[in-house]
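# Residue-level structural notes
Next come the chains, spelled out residue by residue.
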Amino acid sequence: MKKRWILGRLIKYCFNNNGFAMGSMILASILLGILSVLQIWIVGQIVNGLGSLSGQRKELILYMIMLLVCLLLWKICFILIPYVRNNLVSKMKIRMQKDLIESVNKIPVIQQEINETQMKIGRAFDFINNHFETSLISIQVYISSIISVVSISILLARYSWVFPVIATLTAIPIIFIRLKQDKKMHEMYKKQYPNNQLADYYLGTLTKKDSLLELMVFQLRSHFLSRYLKLTKDNVQERTRYFVRHSCRGGLLEAIWLTAGNVLSIGWAIILLSQTSRFSLGVLAIVIRGITTAQDDIIGFAFNSKNIYQATFYGEDFWEMIYKRKSEVPRYKYSKVKSIELRHVGFRYPHQQENSLSDINLILHTDETMGIVGENGSGKSTISKILLGIYQPTEGEILVNGHKIENLNLLYEDVGAVFQDYVNYQLTPRENIRFGSLKDKERKKAIIAAARKSGAHTFVKDLKKQYDTPIGTLLDNATHLSGGQWQRLAVARGFYSKGSMIVLDEPNSNLDPKMEAALYEEYKNIMNEKNRIGILVSHRLGSTRACDRIIVMNQGRIVEDGSFEQLMNAHGKYSHMYQVQAEWYTE
Ligand SMILES: Nc1ncnc2c1ncn2[C@@H]1O[C@H](COP(=O)(O)OP(=O)(O)OP(=O)(O)O)[C@@H](O)[C@H]1O
């Protein structure tokens, strides 16, 4: 998208969503510009009137009244504009956040996971929260400045065309000086952005609850603090260097140029006006005020460019995301999956040299359960994310119910999953479980049944308000839960979900052995529910024993595929790993 269109885009977007407020703001800005020239002209007439008091009293009073009306209108505009703008900004921010969140939701997860996208999303939100309002102010200042400069130039040209030229010529070099300063500053901010992000991360690690324990035990606090301080010190030093190099020098140059220009232009005005018969004190007042106001407007115009640079930098990411949403490839939605087939599927994470999955061939039918085993990093989670439609393969084909998915863009209406890195929703146990299938009406009995199966019910029933007790650390009077208790809620969420597929990705890390053993029984039941494909990713080979089939992953490939008996009889990798684990328990 071309950068220069960004302000135009913003105006259009605001008009489309809140035309009345935007229109009022623009009209008030136009009025401000007109009032500015009107005041100069009236003051000139008053000075003239004062110079020749004889018989001009009525006119003088009329000009005085006009000046008062002008000042009153000016004041009203000054009160009205911020009021309308605040109103517009609050409404538009909500709208923009909604649009942005919807757009972010449509970015493929794999793209969202990469740092570059995270930075883009961060900058887009930054635009809404910190730069959108300044962009609106810039638009408003631009409009009133343009109207003011044009009308003052017309007024000055009535006396001599030299005056608007003088006003413009003295202001233009200053515009360039400021533009250069702003460009440098913008470059500096852009350069500092990754370091700022890293500094925020260090600060977060130093202050967040999750990292406190490790910071204490490994005595990392001073290490992180010195890293944080170094980064912020470097940034401050760079900003100071920038300030001395560009702002101070530029400011000095500006002051010298403007003073010299003003002395010259006013001197020239006096000489010129004294040579003509139209010379009067009022005209001199108009010329001096006119030239200085026009200069201020032109310079203010340029000063605004700093806001425009920032709005462009942060806004670029916002508009890009909103724009992308419209050109997005449609996703293929399935409510009932009877079969899913991967044909020669390969997958490579962005910016990686090697494939994480290669040549995966697999057919899964409804009412079938599959275990996925393999060493760390062999591709188990990646393949389950592909089956869930979270990642799109970079090679090969996917067929759902026998139909090829074009562009490999797959989405299910309803699937269940328990991930290794599940989320702790700082709300209530009911909501934590209900999120497993939010689009249906709440099934109270099913929530309790899911909690019973996952073992969550044993502690939830003893909470103050049971399933409606606030849990976590955010809400008032919330109850703290242990790691294992959170995990049981995450498992209950998976159990509560409906739909034609469930993926359980090693969901037992925080559970005690008794709970783990009991859960494997439940996994068996849940995966074996009718009209479902059940997938269990696990390091405990014994837990996959009950699956109809097991695949063994190694370096991104399926190296064994069969039932438990077949794999044991084959005496391959699975049987070897199984023996090793069994020995560990029996020794
Ligand atoms: N977000 C990512 N970006 C780049 N590479 C990744 C990413 N996630 C995983 N990988 C790489 O892909 C490969 C497979 O990872 P995956 O998480 O699927 O393995 P896994 O078998 O589930 O491992 P584990 O048993 O440790 O959970 C690994 O080599 C890993 O380094």
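The chain has the name ABC transporter ATP-binding protein in an unreviewed UniProt entry, where Vallitalea guaymasensis is given as its organism. Quoted verbatim from the Subcellular location (unreviewed entry) field of UniProt, the annotation for the chain is "Cell membrane".

Right, let's talk about the packing of aromatic side chains for a bit. Counted under the stated rule, the structure contains 17 aromatic pairs. With centroids separated by 5.8 Å and ring planes inclined at 85 degrees, the aromatic side chains of tryptophan 41 and tyrosine 63 adopt a geometry described as edge-to-face. Taken as a pair, tryptophan 41 in helix 1 (residues 6-51) and tyrosine 63 in helix 2 (residues 57-106) lie far apart in primary sequence, 22 residues in all. For tyrosine 63, a relative accessible area of 15% puts it in the buried group. Ring geometry for phenylalanine 127 and phenylalanine 132: centres 6.5 Å apart, planes at 70 degrees, overall edge-to-face. By relative accessible area, which is 0% here, phenylalanine 132 ends up buried. Taken together through their ring pairs, the aromatic side chains of Tyr13, Phe127, Phe132, Phe318 and Trp319 make up a single cluster. Note that arginine 123 overlies the ring of tyrosine 193, its terminal NZ or CZ placed 5.3 Å from the centroid. Across the ring face of tyrosine 496, the terminal group of arginine 443 is positioned such that the distance to the ring centre comes to 4.2 Å.

In this section: the site of the ligand. The immediate surroundings of the ligand are formed by 14 residues, with Ser356, Gly377, Lys380, Ser381 and Thr382 found nearest. Between tyrosine 349 and the ligand, the recorded distance is 3.4 Å, taken from a side-chain N or O atom to a nitrogen atom. The backbone of serine 381 places a nitrogen or oxygen atom 2.9 Å from an oxygen atom of the ligand. With 3 residues, helix 10 (residues 380-387) is the largest single contributor of residues to the shell around the ligand. Residues belonging to the shell around the ligand are distributed by class as follows: 1 nonpolar, 10 polar and 3 charged.

This part covers the domain arrangement of the chain. Each assigned domain of the chain is listed with its residue range as follows: domain 1 (3-326), domain 2 (334-412 + 502-510 + 533-587) and domain 3 (416-498). Distance from the C-alpha centre of domain 2 to the C-alpha centre of domain 3: 27 Å. In this complex, domain 2 contributes 12 residues to the contact, which on the side of domain 3 involves 12 residues. Note on domain 2 versus domain 3: buried area summed over both sides is about 960 Å², and carbon and sulfur give 53% of it. Here domain 2 is connected to domain 3 by 0 salt bridges. There are 4 residue pairs in polar contact (both at pLDDT 80 or more) connecting domain 2 and domain 3. The dominant element in the side of domain 2 that touches domain 3, judged by the number of residues it contributes, is strand 9 (residues 501-505), at 4 residues.

So, on to the nonpolar core. Counting 47 residues, the largest nonpolar core has Leu10, Met96, Phe127, Phe132, Leu136 and Phe318 as its most contacted members. Of all the secondary-structure elements, those providing two or more residues to this core are helix 1, helix 2, helix 4 (115-157) and helix 9 (305-326). Per element, the largest residue contribution to this core is 14 residues, and it comes from helix 1. If near-sequence neighbours (up to four positions away) are discounted, phenylalanine 318 is found in contact with Tyr13, Met96, Leu100, Ala124, Phe127 and Ile128.

What follows concerns the environment of valine 537. Mapped onto the elements, valine 537 comes out in strand 10 (residues 533-537). The class of valine 537 is buried, set by a relative accessible area of 2%. The spatial distance from the C-alpha of valine 537 to the C-alpha of glycine 374 is 9.0 Å, given a sequence separation of 163 residues. When sequence neighbours within four positions are dropped, the list of residues in contact with valine 537 reads Ile372, Lys380, Ser384, Leu504, Asp505 and Glu506.

Phi is positive for histidine 351, which is not a glycine, with a value near 60 degrees. By secondary structure assignment, the location of histidine 351 is in the loop between strand 2 (339-347) and strand 3 (357-365). With relative accessibility at 63%, the residue histidine 351 sits in the exposed group. Positive phi outside glycine occurs at glutamine 555, with the angle close to 45 degrees. Considering the arrangement of structural elements, one finds glutamine 555 in the loop between strand 11 (549-554) and strand 12 (557-562).

In the contact formed by helix 5 (residues 162-207) and helix 7 (residues 221-274), the axes pass within 10 Å of each other and the chain directions differ by 175 degrees. Taken together, the axes of helix 5 and helix 7 lie roughly antiparallel to each other. Taken together, the residues that form the contact of helix 5 with helix 7 break down as 27 nonpolar, 14 polar and 8 charged.

Moving on: the UniProt feature "transmembrane region" (unreviewed entry) in the chain. Summarizing the sequence annotation, UniProt attributes the feature "transmembrane region" (unreviewed entry) to residues 20-41, 61-84, 136-155, 161-179 and 251-273 in the numbering used throughout. Measuring from the first to the last C-alpha atom of residues 161-179 gives 27 Å, for a span that is 95% helix and 0% strand. Overall, residues 251-273 shows 100% helix and 0% strand. The separation of its end C-alpha atoms is 32 Å.

As a further point, take the packing of helix 12 (residues 444-454) against helix 14 (residues 483-496). With their axes 8 Å apart at the nearest point, helix 12 and helix 14 run at an angle of 130 degrees to one another. In this view, helix 12 runs oblique relative to helix 14, as classed from their interaxial angle. Crossing of helix 12 over helix 14 shows right-handed handedness. Of helix 14, the residues touching helix 12 (which contributes Ala446, Ile447, Ala450, Ala451, Lys453 and Ser454) are Arg488, Val491, Ala492, Phe495 and Tyr496. Among the residues forming the contact of helix 12 with helix 14, the class breakdown is 8 nonpolar, 1 polar and 2 charged.

What counts and how
Residues numbered from 1 in each chain as written. Predicted model: local features only at pLDDT ≥ 70, side-chain atom pairs only at ≥ 80, totals over all residues. Heavy atoms only, no water. UniProt positions renumbered as here; feature names shortened; annotations may be inferred. Phe/Tyr/Trp six-rings, centres within 6.5 Å; stacked < 30°, edge-to-face > 60°. Helix = DSSP H or I, 4+ residues; strand = E, 2+ residues; numbered from the N terminus. Buried < 20%, exposed > 50% of the residue type's maximum accessible area, 1.4 Å probe, protein only. Lys NZ or Arg CZ within 6 Å of the ring centre and 35° of its normal. Near = heavy atom within 4 Å. Polar contact = N/O pair within 3.5 Å; in protein donor to acceptor, adjacent residues only side chain to side chain. Nonpolar A, V, L, I, M, F, W, Y, C, P; charged D, E, K, R; others polar. Domains from an automatic or database assignment. Contact = heavy atoms within 4.5 Å. Buried area = accessible area lost by both parts, 1.4 Å probe. Salt bridge = Lys/Arg side-chain N within 4 Å of Asp/Glu carboxyl O. Core = buried A, V, L, I, M, F, W, Y, C linked by side-chain atoms within 4.5 Å. Axes fitted to C-alpha atoms, helices over the stretch in contact; angles between N-to-C directions. Parallel < 35°, antiparallel > 145°, perpendicular 65-115°, else oblique. Left-handed = near helix turned anticlockwise from the far one by under 90°.

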